[in-house]
Amino acid sequence: MTRFRSPAVRACWYLSLAILAVPFVFPFLWMLSSAVKSQAEIFSPALSLLPETWHWENYAEVFRYQPFARQYANSLYIAGLVTAGTLFISSLAGYALARIRFAGSGLLLLVLISALMMPEEVTIIPNFFLMKQLGLMNTHMPLILLPMFGSQGVMATFLMRQYFTALPPELEEAARMDGLSRFGIFWKVALPLSRPALAAVGIITFLYSWNLFLEPLVFLSDIELFTLPLALSNFTDAYGLPLWHLQMAATSLAVVPILVVYIAAQRQIVESFALSGVKG
Amino acid sequence: MADLTLTGVCKSFGALEVIRNVDLQVRDGEFVVFVGPSGCGKSTLLRCISGLEDITGGTLEIGGTRMNDVPAAKRGVAMVFQSYALYPHLRVRENMGFGLKVRKVARPEIARRVDEAARTLKLESLLDRFPRELSGGQRQRVAIGRAIVGHPQVFLFDEPLSNLDAELRVHMRAEISGLHKRLGTTMVYVTHDQIEAMTLADKIVVLRDGRVEQVGSPRDLYDRPANVFVAQFIGSPKMNLFDAAGLAASLPGHLRPASGAVRAGLRPEDMQVLPEGEGLVSGRVESNEYTGAGSLLHLHLDGLGRCLALYNGGDAPGEGAGISVGFDATRLYWFDGQERRIATRESAAGIST
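Residues numbered from 1 in each chain as written. Chains lettered and ligands numbered in written order. Predicted model: local features only at pLDDT ≥ 70, side-chain atom pairs only at ≥ 80, totals over all residues. Heavy atoms only, no water.

1. Some thoughts on the nonpolar core
- The biggest cluster of nonpolar side chains holds 59 residues, and the ones touching the most others in it are F164 of chain A together with L6 and F34 of chain B.
- It is helix α10 (residues 182-193) of chain A that provides the largest number of residues to this core, a total of six residues.
- Discounting residues that sit within four places of it in the chain, F34 of chain B has contacts with L24, K42, L45, L46, I49, V188, Y189, V190, T191, V205 and L207 of chain B.
- Core analysis: the next-biggest nonpolar cluster, separate from the first, contains 45 residues, V92, L121, L134 and L200 of chain B among them. (Core = buried A, V, L, I, M, F, W, Y, C linked by side-chain atoms within 4.5 Å. Buried < 20%, exposed > 50% of the residue type's maximum accessible area, 1.4 Å probe, protein only. Helix = DSSP H or I, 4+ residues; strand = E, 2+ residues; numbered from the N terminus. Contact = heavy atoms within 4.5 Å.)

2. With respect to the side chain of S324 of chain B
Residues and elements named next belong to chain B.
- The residue S324 is located in strand β17 (residues 322-328) in this model.
- Side-chain polar atoms of S324 contact the backbone nitrogen of E278, separated by 3.4 Å.
- For S324, the contacting residues outside a window of four places in its chain are Q272, V273, L274, P275, E276, G277, E278, G279, V281 and S282. (Polar contact = N/O pair within 3.5 Å; in protein donor to acceptor, adjacent residues only side chain to side chain.)

3. Some details on the pairing of strand β6 (residues 77-80) of chain B
Residues and elements named next belong to chain B.
- Judged by which residues are buried, β6 turns out to be covered on both faces: V77 and M79 on one side and A78 and V80 on the other are all buried.
- For β6 and strand β7 (residues 154-158), the ladder comprises four bridges, and the chain directions are parallel. When the sheet's bridge partners are listed, M79 is paired in β7 with L156. (Pairing = 2+ DSSP bridges.)

4. Side note on the sheet that holds strand β5 (residues 65-66) of chain B
All names here are of chain B.
- Pairing is antiparallel in the open sheet, where four strands are placed in the order β2-β1-β4-β5. With partners counted over all chains shown, the strands left at the sheet margins are β2 (16-26) and β5, one partner each.
- Here strand β1 (residues 4-13) pairs with β2 via seven bridges, running antiparallel. Residue pairing in the sheet places L6 in a bridge with L24 of β2.
- Packed on one face of the sheet, helix α1 (residues 42-50) meets β1, β2 and β4 (57-62) and runs near 115° to β1. (Axes fitted to C-alpha atoms, helices over the stretch in contact; angles between N-to-C directions.)

5. Here's the deal with the interface of chain B and chain A
- With 21 residues of chain B in contact, the opposing surface of chain A contributes 15 residues.
- Carbon and sulfur atoms supply 66% of the area that chain B and chain A bury against each other, a total of about 1,500 Å² over both sides.
- On the chain B side of the contact with chain A, L52, Y87 and H89 of chain B bury the most area, a combined 32% of that side's loss.
- Between chain B and chain A we count one salt bridge in total.
- In this structure, the salt-bridge partner of R47 of chain B is E173 of chain A, at a minimum N-O distance of 2.6 Å.
- Along the contact surface separating chain B from chain A lie eight residue pairs in polar contact (both at pLDDT 80 or more).
- Those elements giving two or more residues to the side of chain B that touches chain A turn out to be α1, β6 and α2 (92-102) of chain B.
- Looking at side-chain class alone, the side of chain B that touches chain A contains 13 nonpolar, five polar and three charged residues. (Buried area = accessible area lost by both parts, 1.4 Å probe. Salt bridge = Lys/Arg side-chain N within 4 Å of Asp/Glu carboxyl O. Nonpolar A, V, L, I, M, F, W, Y, C, P; charged D, E, K, R; others polar.)

6. Topic: the domain arrangement of chain B
All names here are of chain B.
- Partitioning chain B into domains gives domain 1 (4-228) and domain 2 (237-352).
- Taking the mean C-alpha position of each, domain 1 and domain 2 sit 38 Å from one another.
- In total, about 790 Å² of surface goes out of reach between domain 1 and domain 2, with carbon and sulfur atoms giving 51% of it.
- The largest contributions to the domain 1 side of the interface with domain 2 come from Y222, P225 and V228, which together make up 65% of the buried area. (Domains from an automatic or database assignment.)

7. Regarding the packing of helix α3 (residues 107-120) of chain B against helix α4 (residues 136-149) of chain B
Residue and element names in this part refer to chain B.
- With their axes 9 Å apart at the nearest point, α3 and α4 run at an angle of 135° to one another. Comparing their axes, α4 and α3 come out oblique. Considering how the two elements wind past one another, α3 and α4 form a crossing that is right-handed. Contact residues: α3 offers R113, V114 and A117, while α4 offers G145, I148 and V149.
- Among the residues forming the contact of α3 with α4, the class breakdown is four nonpolar, one polar and one charged. (Parallel < 35°, antiparallel > 145°, perpendicular 65-115°, else oblique. Left-handed = near helix turned anticlockwise from the far one by under 90°.)

Written as structure tokens, this is what we have:
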């Protein structure tokens, strides 16, 4: 920090950072502002972040327009299940890939990583037919199963594997000397030590599931089953045009859980990515 | 406490043979040190004893019981790792009692044993700290404490002091030695530091390329090395080697090299650096390394080549000075063409200065 010892230099530095932050912060402020404006005021030529009249009733309207509380709950429980399931599977699989020597483990890792390269749009049609054959159309199951076993699950497994690889092997040997089984070592030593990775994978997975749009669009048709991203696109008038004030109000409600979780754990996300890059 | 017996023990990693037919008998309560250069297999041999590695041939017995296929936790051994291997998420107390908890020992008994070990190692005030809150020496003591609480038959130490600074290493060396005296348990210790080996061991095992070169007390190995490798490995600075015929030419008539000798060895501390003309072999000083108590002289001897000599005192000859070297002929070691030491009747030799 010696570079910023001079107050003038420090002030210049902060000013530059503040200017750079504008493109990132402004849309967010615009969303919050539009959420309490009327539809007409949003498009008025006088650009202002502060509304002329505060329309708090926009928030109530969001819940009257469609079953938004139900859709919010859908997103919460699906994201929760996907996160828990992904953490369970990716930690077990990541540990196995990092620590258990078995024939073809290298090849398996290569196949898994190559699955990351495939865009989800490519697999959506085969997945559609698969889910249809399994009778899971218009249910939440595709939204739970596909992220857990699809590219997000692979990403999570890869992150966990990198973290487990970086754990000192002596710790596991000490645990063996202490009498722990392979699963005991995983459960009582490796897993408690991988809390930063688990936190990061948990947040990334939650975000992924929370923001999922294509899959709900393909697999769901009942409005009661909609998740938030789909619900947000549903605030339209009789001509199919967006009702921006309602969309913005609903979106500002939708980002609350993400903001809370992200602010609470952003340092661990960065640590985990740094670790997977440097030590892997 | 128990005997430890290795008979024809081998260990291979695929086609790579790391331990080759090792026979070793460690008596109950003995302190045995494995030494050898990097890659000689000393740590692998220790891991084979611990059960962290399976042996691929031979028999391993602890307390008279064959242990080849017994899991590490059931061999009655405890290991202290080079990196300490303390669980970072557990406090000192939990680290020390972890193994007992896994073995489902009753809580009051765990607490009693942990407190007892903490008293022995002066860790009482650190029991509620996490490993990250401890210094290197404290971590090492916790690692030893973790080994003690299980009341093992055999303690295994894998270069436990190599991560400590020099001063702490000397301190911990004394602590480990004291611990061995107090507990009287069989201890097997791996190090590449021969000072540690010489000061701690009842018995030293010198390894090279997975084979045992010699087993014996520190004095045995220093005074009666089996071959050139052991002779040069034990002792610091290492033993000088000369061509036997070349050295013989410098010896007085009544002193002849041992029969069949090809090389001669002389330790730097056994060489006396004298003014020109007063010794047996003349030469000059190539460089002088001042060590405080004395100097380490790099010499070039006429007809014999380069060698090292320890010079005690502050008036060592400087670079380029002409000197001559004398030595006690009883301190000469003779080696045959296979580099084995030739046993001689040292008492027959005289002082040759």
